[in-house]
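Now for the letters of each chain:
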Amino acid sequence: MALVIWWNKELQVHPMKLILYIAMVDTALSLISFTSYNICAWKIYEFFSHYVYFRTDWFAYQRSLWVINVSANYFSVFLIFMSIMLNACLAVDLILMLKHPFKSKEARIPLYLVSSIAVTVFITTAWLMTVYKSPVTSTIVPAKWVLKCAILIIILQLLVSIYSVIYALWKLCKPGISKESRRLVLIRHILSIVFFNISQA
């Protein structure tokens, strides 16, 4: 999906650009997950040790494995929450498109990206500080706060998605909209929400 939208300029219209970013994030997450399972099989730690630490002894291998593992975990969590945030932004954007159909939509994309990245960096960094904790980081970021924040973000995303569908049903069932137009918009709206929530799960 990401490649189709990327190479086809006609598809790079709102909200397809937002969908492109979601597809890119999901693709990156799949690549990291696949690579993580093959770190030892592909001997990635040996390559890392040789070209980063310029050593090939057992201790260098262990340090390389640790660094690769932490990095893979961080970026996996980052991409998971980035996908959740972008899906929430998509649901919000679908609501705004129904509420203000003639307002400029492209200007909202930077806001979606900045807010998604900011929240994701915060929650991912906080998670990393609790998982690979020290006496200092454990005091700064209690693990229960991170878990509550993560659960809250997931619940909010699901609630926004559900509200988006309900709002679309309410908005499009008003008089003045033809049955064919109502059916087309509702199907596209609901399928977008359902598809991206299932792919995210």
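Residues numbered from 1 in each chain as written. Predicted model: local features only at pLDDT ≥ 70, side-chain atom pairs only at ≥ 80, totals over all residues. Heavy atoms only, no water.

S.K.: Could you clarify how one ought to interpret the overall build of the protein in this entry?
M.R.: Scanning the protein for helices and strands turns up 8 helices and 0 strands. When the helices and strands of the protein are read in sequence order from the N terminus, they spell out α-α-α-α-α-α-α-α. Counting all 201 residues of the protein, 34% fall into the buried class. Of the contacts made within the protein by residues no fewer than 6 positions apart, 66% connect residues no fewer than 24 positions apart. (Helix = DSSP H or I, 4+ residues; strand = E, 2+ residues; numbered from the N terminus. Buried < 20%, exposed > 50% of the residue type's maximum accessible area, 1.4 Å probe, protein only. Contact = heavy atoms within 4.5 Å.)

S.K.: Would you explain the pattern of salt bridges in this entry?
M.R.: A side chain of one charge can pair with a side chain of the opposite charge when the charged atoms of the two come close. Under the definition given, this model contains 2 salt bridges. With a closest N to O distance of 2.9 Å, R55 and D57 form a salt bridge. Overall, R55 belongs to the partly exposed group, its relative accessible area being 39%. Here D57 falls in the partly exposed class, since its relative accessible area comes to 28%. (Salt bridge = Lys/Arg side-chain N within 4 Å of Asp/Glu carboxyl O.)

S.K.: Help me understand the packing of helix α4 (residues 58-99) against helix α5 (residues 108-131), please; the structure alone is not making it clear to me.
M.R.: For the pair α4 and α5, interaxial distance at closest approach is 8 Å and the crossing angle is 145°. The handedness of the crossing between α4 and α5 is right-handed. Taken together, the residues of the contact of α4 with α5 break down into 19 nonpolar, 6 polar and 2 charged. (Axes fitted to C-alpha atoms, helices over the stretch in contact; angles between N-to-C directions. Left-handed = near helix turned anticlockwise from the far one by under 90°. Nonpolar A, V, L, I, M, F, W, Y, C, P; charged D, E, K, R; others polar.)

S.K.: Help me understand the environment of R63, please; the structure alone is not making it clear to me.
M.R.: Among the secondary structure elements, R63 is positioned in helix α4. Sequence-wise, R63 and S49 are 14 residues apart; in three dimensions their C-alpha atoms are separated by 8.0 Å.

S.K.: What is the right way to read the packing of helix α3 (residues 44-53) against α4 from this model?
M.R.: The geometry of a pair of packed helices is captured by two quantities: the angle between their axes and the separation between those axes. For the pair α3 and α4, the least separation of the axes is 8 Å and the interaxial angle reads 105°. It follows that α3 is roughly perpendicular to α4 by the angle criterion. Across the interface between the two elements, I44, Y45, E46, F48, S49 and Y53 of α3 pack against A60, Y61, R63, S64, L65, V67 and I68 of α4. Its residues assigned to classes, the contact of α3 with α4 comprises 9 nonpolar, 2 polar and 2 charged. (Parallel < 35°, antiparallel > 145°, perpendicular 65-115°, else oblique.)

S.K.: Help me out: how do you make sense of the packing of aromatic side chains in this one?
M.R.: Geometrically, a pair of aromatic rings is defined through the distance of the ring centres and the angle of the planes. If you walk through the whole model with that rule in mind, you get 7 aromatic pairs. Note on F47 and Y51: the rings are 4.7 Å apart at their centroids and 45° apart in plane angle, and the pair reads as tilted. One end of the pair is F47 and the other is Y51, both in helix α3 and 4 residues apart, which spans about a single turn. Since its relative accessible area comes to 57%, F47 is described here as exposed. For R63, the ring lying beneath its charged end belongs to Y53, and the centroid distance is 5.2 Å. (Phe/Tyr/Trp six-rings, centres within 6.5 Å; stacked < 30°, edge-to-face > 60°. Lys NZ or Arg CZ within 6 Å of the ring centre and 35° of its normal.)

S.K.: Help me understand the nonpolar core in this model?
M.R.: Generally speaking, a soluble globular protein has its nonpolar side chains buried in company with each other. Within the largest apolar cluster, 18 residues are counted, with the highest numbers of intra-cluster contacts made by L18, L86 and L90. For this core, the secondary structure elements donating two or more residues are α2 (16-36), α4 and α5. Sort the elements by how many residues they give to this core and α4 lands first, with 9 residues. With sequence-adjacent residues up to four places away left out, L18 is seen in contact with L86, C89, L90, D93, I109 and Y112. (Core = buried A, V, L, I, M, F, W, Y, C linked by side-chain atoms within 4.5 Å.)

S.K.: Can you help me understand the confidence of the model for the protein in this one?
M.R.: Low-pLDDT stretches of the model should not have their predicted coordinates read in fine detail. Scored by pLDDT, the protein comes out at a mean of 77, with 76% of its residues at no less than 70. Contacts for the low-pLDDT stretch residues 135-139, under 50 throughout, to residues beyond four places or in other chains number 3 contacts. (pLDDT = per-residue confidence, 0-100.)

S.K.: Is there a simple way to think about a nonpolar patch on the surface in this case?
M.R.: Residues L147, I151, L152, I155, L156, L159, I162 and I166 make up a contiguous nonpolar surface patch of roughly 760 Å² in combined accessible area. Tracing the chain through its elements places I155 in helix α7 (residues 143-172). (Patch = residues over 30% accessible without salt bridge, like charges linked within 9 Å, V, L, I, M, F, W, Y side chains within 5 Å. Areas by Shrake-Rupley, 256 points an atom, 1.4 Å probe, with all protein chains shown as cover.)

S.K.: Mind showing me how you'd approach the environment of S116 here?
M.R.: Note that S116 resides in helix α5. Linking S116 and I84, residues 32 residues apart in sequence, is a C-alpha distance of 8.7 Å. Ignoring sequence-local partners within four residues, the contact set of S116 consists of M82, M85, L86 and C89.

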